[in-house]
Every structure is written in C-alpha cells, then in structure tokens.
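For reference, the chains in residue letters:
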Amino acid sequence: DAGVIQSPRHEVTEMGQEVTLRCKPISGHNSLFWYRQTMMRGLELLIYFNNNVPIDDSGMPEDRFSAKMPNASFSTLKIQPSEPRDSAVYFCASRSRSGSTDTQYFGPGTRLTVL
Amino acid sequence: DAKTTQPTSMDCAEGRAANLPCNHSTISGNEYVYWYRQIHSQGPQYIIHGLKNNETNEMASLIITEDRKSSTLILPHATLRDTAVYYCIVRGNAGNMLTFGGGTRLMVKP
C-alpha cells in the first residue's frame, strides 16, 4: 500500500486566492482526519470523518475553511479566501480500527504558503 | 482525555538506549497510552500503545507504571534516524481524536 497520499506537497499562493488540498486515505480505512501544524500552535485537529460523514469540525478555524469527503477514497480541504495566517503544514491521516489497535497513519503533508 | 507532561528535549548517544518519560497522572481506567513520533518534515508516525501491561514491538518498548500515572518509551539502540519529536498521548479507546502536545525533541548524537 502506498500509504496516505496528499497533493500538492507544496503550495504557494497569494492572499485571497482559493486553495484546495487533496487526500487519498489508505484503502479500507474508514476514518479520515485533517490536521494543521504551525510553530506557534503545534499540531491541531481541524476535522474528521467516519465513513465519509463529518463527525467533528470544531477545530476548523472559521468559515473560510471547508472539508468534504465525497467517497471513501478521496477528501479535500478548501480555504477560500486564503490569508497569510493560514500558512502551515496540513496533514491528512486515516485510520482503521482493528481490535485494540486504533492507530492513525499520516500522509507527508502539504506545506502551504500564503503571501 | 488525560493531559500528558513530557520533557521538552533530550539527548542520547547513538547505540545507547533512549528512555523517554511521560507523566499522565490524571489518566482514567479506560484510557490508553499512545506514542507517536515526527521526524523532521514528515507526518507523525505511530510507534506503540498500551493500557496496563508493558508492550514491545519492532520499534520500541513501552513501560507503564503499576499506578498508570507515568510511562517510559524505550528505544533500545538509538540511531541517528531516531532523531525526532516524540509525542505521548492518552485517550480512551472509544475516542476518535489524538491531541498532540509539545512532545519531547530527541536528539541522537554520534
């Protein structure tokens, strides 16, 4: 398995532009998580899905952020309009519960820079 | 989920055992201890988890005290590639979220 796949790996955009980050979870995993990491705030959970349904989006900073999971193999995180303070590394993770093992597998991240 | 306390940073000599402590004095009976690490410029990586008993896998060993208020992650023979930030996380098995604190920055030196 290729693991969790994220694209793009790097994104540089200007303030006000729309940004879409993409994630392909590990096949067979039924939960998907979006995290954001900055030096100031560390690693924060933004939103997670179970069986393609958003369960908790309390970590989404504001209405400019939205996430979708149209099917079990694809999710997007969209920022519209983007602002410089959105600059961060965004990680996607997926999980499949099996017995007592409940581990999340993280993708390589997308480094977003908003100028 | 219970809060954890870890030292900010630690050094370890290459080839020696790295012992990373974690305090979780408010842990409740159904909460597990999970360890993840994040190597520079990569996503976090699962290492090991446990409830009461000590656990060992190909990456590390996890020692949990009898009162479960603290634990130690042991990397038996640290290599330079083990240089990373190590996160200790406590959460119930029914929970969904991992709450990452500051972690311990482990520097393995030649």
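Residues numbered from 1 in each chain as written. Chains lettered and ligands numbered in written order. Predicted model: local features only at pLDDT ≥ 70, side-chain atom pairs only at ≥ 80, totals over all residues. Heavy atoms only, no water.

Let us look at the overall build of chain B. Scanning chain B from terminus to terminus reveals zero helices and nine strands. In sequence order, the secondary structure elements of chain B are arranged as β-β-β-β-β-β-β-β-β. Expressed as lengths along the three principal axes of its C-alpha atoms, the size of chain B is roughly 40 × 30 × 25 Å. The contacts in chain B between residues at least 6 apart in sequence include a share of 57% that link residues at least 24 apart. Total accessible area computed for chain B in this model is approximately 5700 Å², and 49% of it derives from carbon and sulfur atoms. Put simply, chain B has 10 plus and 9 minus side-chain charges, and the middle of one group is 4 Å from the middle of the other. (Helix = DSSP H or I, 4+ residues; strand = E, 2+ residues; numbered from the N terminus. Contact = heavy atoms within 4.5 Å. Areas by Shrake-Rupley, 256 points an atom, 1.4 Å probe, with all protein chains shown as cover. Lys, Arg positive; Asp, Glu negative; His and termini not counted. Charge placed at Lys NZ, Arg CZ, Asp CG, Glu CD.)

Here we take up the pattern of salt bridges. Residue and element names in this part refer to chain A. Taken as a whole and judged by the stated rule, the model has ten salt bridges over all chains. Two residues, Arg41 and Glu44, come together in a salt bridge whose shortest N-O distance is 2.7 Å. The partner of Glu62 in a salt bridge is Arg64, with the nearest N and O atoms 2.9 Å apart. It is possible to trace a salt-bridge network through shared partners that takes in Glu62, Arg64, Glu83, Arg85 and Asp86. (Salt bridge = Lys/Arg side-chain N within 4 Å of Asp/Glu carboxyl O.)

The subject of this paragraph is the pairing of strand E6 (residues 61-64) of chain B. Residue and element names in this part refer to chain B. Summarising the sheet, strand E5 (residues 55-56) and E6 pair through two bridges and their orientation is antiparallel. The residue of E6 that forms the bridge with Glu55 is Leu62. Hairpin connection, E5 to E6: the antiparallel pair is bridged by four residues. Hairpin connection between E6 and strand E7 (residues 70-75): a loop of five residues separates the two successive antiparallel strands, and Arg68 in this loop has a positive phi of roughly 65°. (Pairing = 2+ DSSP bridges.)

Before going further, it helps to examine the state of the cysteines. Scanning the model with the defined rule gives two disulfides over all chains in all. The side chain of Cys23 of chain A participates in a disulfide bridge whose partner is Cys92 of chain A; the two sulfur atoms lie 1.8 Å from each other. On the S-S bond that ties Cys23 of chain A to Cys92 of chain A, the torsion sits near -70°, and the link is left-handed. Note that Cys23 of chain A is positioned in strand E3 (residues 19-24) and Cys92 of chain A in strand E9 (residues 88-95), a separation of 69 residues in sequence. The same class applies to Cys23 of chain A and to Cys92 of chain A, which are both buried. The residue that forms a disulfide with Cys22 of chain B is Cys88 of chain B, at a sulfur-sulfur distance of 2.1 Å. Sign of the S-S torsion, about -80° for the bond between Cys22 of chain B and Cys88 of chain B, identifies this disulfide as left-handed. (Disulfide = S-S within 2.5 Å. Buried < 20%, exposed > 50% of the residue type's maximum accessible area, 1.4 Å probe, protein only.)

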